[in-house]
Amino acid sequence: MKYAKRISAVILSVLIIAASSLFCVNAAEDTLDVDGRLTYQVGDTLTYSICLEDPTEKVMGIQMYVFYDQEYLKIKDDTVDFPKFPGAVYNTALENYFTFNWTNVTRLADFSEKAPLFTASFEVLKPGETKITYLIEEMYSTDMTYLKEYTLTAEYSQNGTVIKKDDPPVVEKDPEKNAEHKGQFINYEDGRGENNPNANQEEHQQDNEQQKNVENKNENAVNNNNNADNNNNQNKSGQLATDANGNYVDENGKVLATDASGNFLDANGNVFNPSSATDDTQPVNVGLIAIIVALVLILIAIGVIIVLKIRNNKSSKEAEVASDESSESGDSQIMNTVNSNETDNDSLNE
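These numbers come from a predicted model, not from an experiment.

Draft legend 1. The arrangement of the overall build of the protein chain in detail. When you go through the protein chain residue by residue, the secondary structure sums to four helices and 17 strands. Per-residue burial for the protein chain yields a buried fraction of 28% across its 350 residues. When contacts within the protein chain are restricted to residue pairs at least 6 apart in sequence, those whose partners lie at least 24 apart make up 69%. Looking at the protein chain as shown, the accessible area adds up to about 22400 Å², and 51% of this sits on carbon and sulfur atoms.

Draft legend 2. Broad picture of the pattern of salt bridges. Inspection of the entire model under this criterion finds four salt bridges. K126 serves as the salt-bridge partner of E71, at 2.7 Å between the closest nitrogen and oxygen. Of the two residues, E71 is situated in the loop between β4 (61-67) and β5 (73-75) and K126 in the loop between β8 (115-124) and β9 (128-130); the sequence distance between them amounts to 55 residues. You can call K126 partly exposed: its relative accessible area is 30%. A salt bridge links K114 to D166; the nearest nitrogen and oxygen atoms lie 2.6 Å apart. Of the two residues, K114 is situated in the loop between β7 (97-103) and β8 and D166 in strand β12 (residues 161-167); the sequence distance between them amounts to 52 residues. According to the relative accessible area criterion, K114 is partly exposed, its value standing at 36%. What makes D166 partly exposed here is its relative accessible area of 45%.

Draft legend 3. Structural detail: the sheet that holds strand β2 (residues 38-41). Reading across the sheet, the three strands line up as β2-β1-β9 and stay open at both edges, with mixed pairing between neighbours. The open sheet has two free edges, formed respectively by β2 and β9, since each of these has just one partner strand. Across this sheet, the average inter-strand angle for adjacent strands is 30°, counted without regard to direction. Bridge count for strand β1 (residues 31-34) against β9 is three bridges, and the pairing is parallel. Paired with L32 across the strands is G128, a residue of β9.

Draft legend 4. Quick peek at unusual backbone geometry. Unusually for a residue other than glycine, D54 sits at a positive phi of about 65°. By secondary structure assignment, the location of D54 is in the loop between β3 (45-53) and β4.

Draft legend 5. Spatial organisation of the side chain of T151. Along the chain, the position of T151 falls in strand β11 (residues 151-158). One polar contact links T151 to D54, side chain to side chain, over a distance of 3.4 Å. Within the structure, the side chain of T151 is placed 2.9 Å from the side chain of N196, a separation counted as a polar contact. In contact with T151, other than residues within four places in its own chain, are C51, L52, E53, D54, G191, R192 and N196.

Draft legend 6. Layout of the packing of aromatic side chains. Applying the stated rule across the entire model yields 13 aromatic pairs. Aromatic pair Y65 and Y97: ring centres 6.3 Å apart, planes at 50°, arrangement tilted. Of this pair, Y65 sits in strand β4 while Y97 sits in strand β7, and the two are 32 residues apart along the sequence. What makes Y65 buried here is its relative accessible area of 10%. Site record: aromatic cluster; members linked through ring pairs are Y48, F82, F85, Y90, F98, F100, W102, F111, F118 and Y156. In this arrangement the basic side chain of K126 is found over the ring face of Y72, its NZ or CZ atom lying 5.3 Å from the centre. Over the ring of Y146 we find K148; its NZ or CZ atom is 4.2 Å from the centre of that ring.

Draft legend 7. Here's a closer look at the sheet that holds strand β10 (residues 133-140). Taking strand neighbours across the sheet as the criterion, the five strands line up as β6-β7-β4-β10-β13 in an open arrangement whose pairing is mixed. For this open sheet the edge positions go to β6 (89-91) and β13 (170-171), each flanked by a neighbour on one side alone. One ladder, built from seven bridges, connects β4 with β7; its direction is antiparallel. Paired with Y65 across the bridge in β7 is T99.

Draft legend 8. View of the pairing of β7. Inspection of the sheet shows β6 paired to β7 by three bridges, in the antiparallel sense. Residue pairing for β7: N91 is matched across the bridge by T99. The antiparallel pairing of β6 with β7 creates a hairpin that spans five residues between the two strands, and N96 there sits at a positive phi of about 65°.

Draft legend 9. Here's a closer look at the confidence of the model for the protein chain. Mean pLDDT for the protein chain: 78, with 60% of residues reaching 70 or above. Counted against residues more than four places away or in other chains, residues 1-12, with its pLDDT under 50, gives zero contacts. Below a pLDDT of 50 lies the segment residues 275-282, which in the model reaches nine contacts outside its immediate sequence neighbourhood of four places, other chains included.

Draft legend 10. Representation of a nonpolar patch on the surface within the structure. Together, L288, I289, I292, V293, V296, L297, I300, V304 and L308 give the surface a local cluster of nonpolar side chains, amounting to about 790 Å² of exposed area. Among the structural elements, V304 can be located in helix α4 (residues 286-349). For V304, a relative accessible area of 43% puts it in the partly exposed group.

What counts, and where the lines are drawn
- Residues numbered from 1 in each chain as written.
- Predicted model: local features only at pLDDT ≥ 70, side-chain atom pairs only at ≥ 80, totals over all residues.
- Heavy atoms only, no water.
- Helix = DSSP H or I, 4+ residues; strand = E, 2+ residues; numbered from the N terminus.
- Buried < 20%, exposed > 50% of the residue type's maximum accessible area, 1.4 Å probe, protein only.
- Contact = heavy atoms within 4.5 Å.
- Areas by Shrake-Rupley, 256 points an atom, 1.4 Å probe, with all protein chains shown as cover.
- Salt bridge = Lys/Arg side-chain N within 4 Å of Asp/Glu carboxyl O.
- Pairing = 2+ DSSP bridges.
- Axes fitted to C-alpha atoms, helices over the stretch in contact; angles between N-to-C directions.
- Polar contact = N/O pair within 3.5 Å; in protein donor to acceptor, adjacent residues only side chain to side chain.
- Phe/Tyr/Trp six-rings, centres within 6.5 Å; stacked < 30°, edge-to-face > 60°.
- Lys NZ or Arg CZ within 6 Å of the ring centre and 35° of its normal.
- pLDDT = per-residue confidence, 0-100.
- Patch = residues over 30% accessible without salt bridge, like charges linked within 9 Å, V, L, I, M, F, W, Y side chains within 5 Å.

Rendered as structure tokens:
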């Protein structure tokens, strides 16, 4: 009997442990890891803010972007708020991010006490891992240069309860997004401005190098576009053009080979004649021609209408004159008849 009780107790313990493990697995499968810091349940409301504190200047203007993954999070439009930026212009209808900007030259935003730049709530849609990141393109004061002394912190709430705060917000590192939204403001990973006495100068140096790389990539992209435009212009004028590496290219941008005599060869192995690539034909502006033709037709129509109107007026006048002459002729005949009758009467009386 004792053995039976012991066996039953062991079996019951195993069942309890198995049930607990299964519950933990199911709970983990329904959670979303955010920024590697917090976990939320599917269906939870995640409220996120980035707060500003310790600036030495008031804020006159800001342009900011907040990135998130719509596969995991759905923004609640009616929760987006900018307590220090009344009348801020924002857009939450963009794919995987929202943006806002604000400027006021007469009523600057005062962050002498810690306050959020923005607050937004999201619905957790599915389990997994995701991040909420940001980029500030511009944040400046009356001197129109970017703020240099400040502290940025992130605040997370779960279903209305604050569960984490005072960590630096996560800076967006995607090169394309950084290139697209590059401004004067430098987004440091520690959330502190370059003049902040508590700033991590080593990290700041790395961030500055990354910013320079973004600027160089943008400059190279502009230069490459300019080179391409120059090459196209040179090809159209019948001159040999070069690519970014100094290679001679044909009108299609393909590198030209050379034969034993030093002649340039095209892709088909034929001697390349740059004059044959010259395009002296001018594009025909069909729209302009159509407008000119239409104006000419309108002028002709107006001329025809004027001529017809003049003719009608002339015909009307001629008809009036003829009518007057006919009337005068009738009156004359009547007078002659009357005179003739009087003469006849006088003759009879005699």
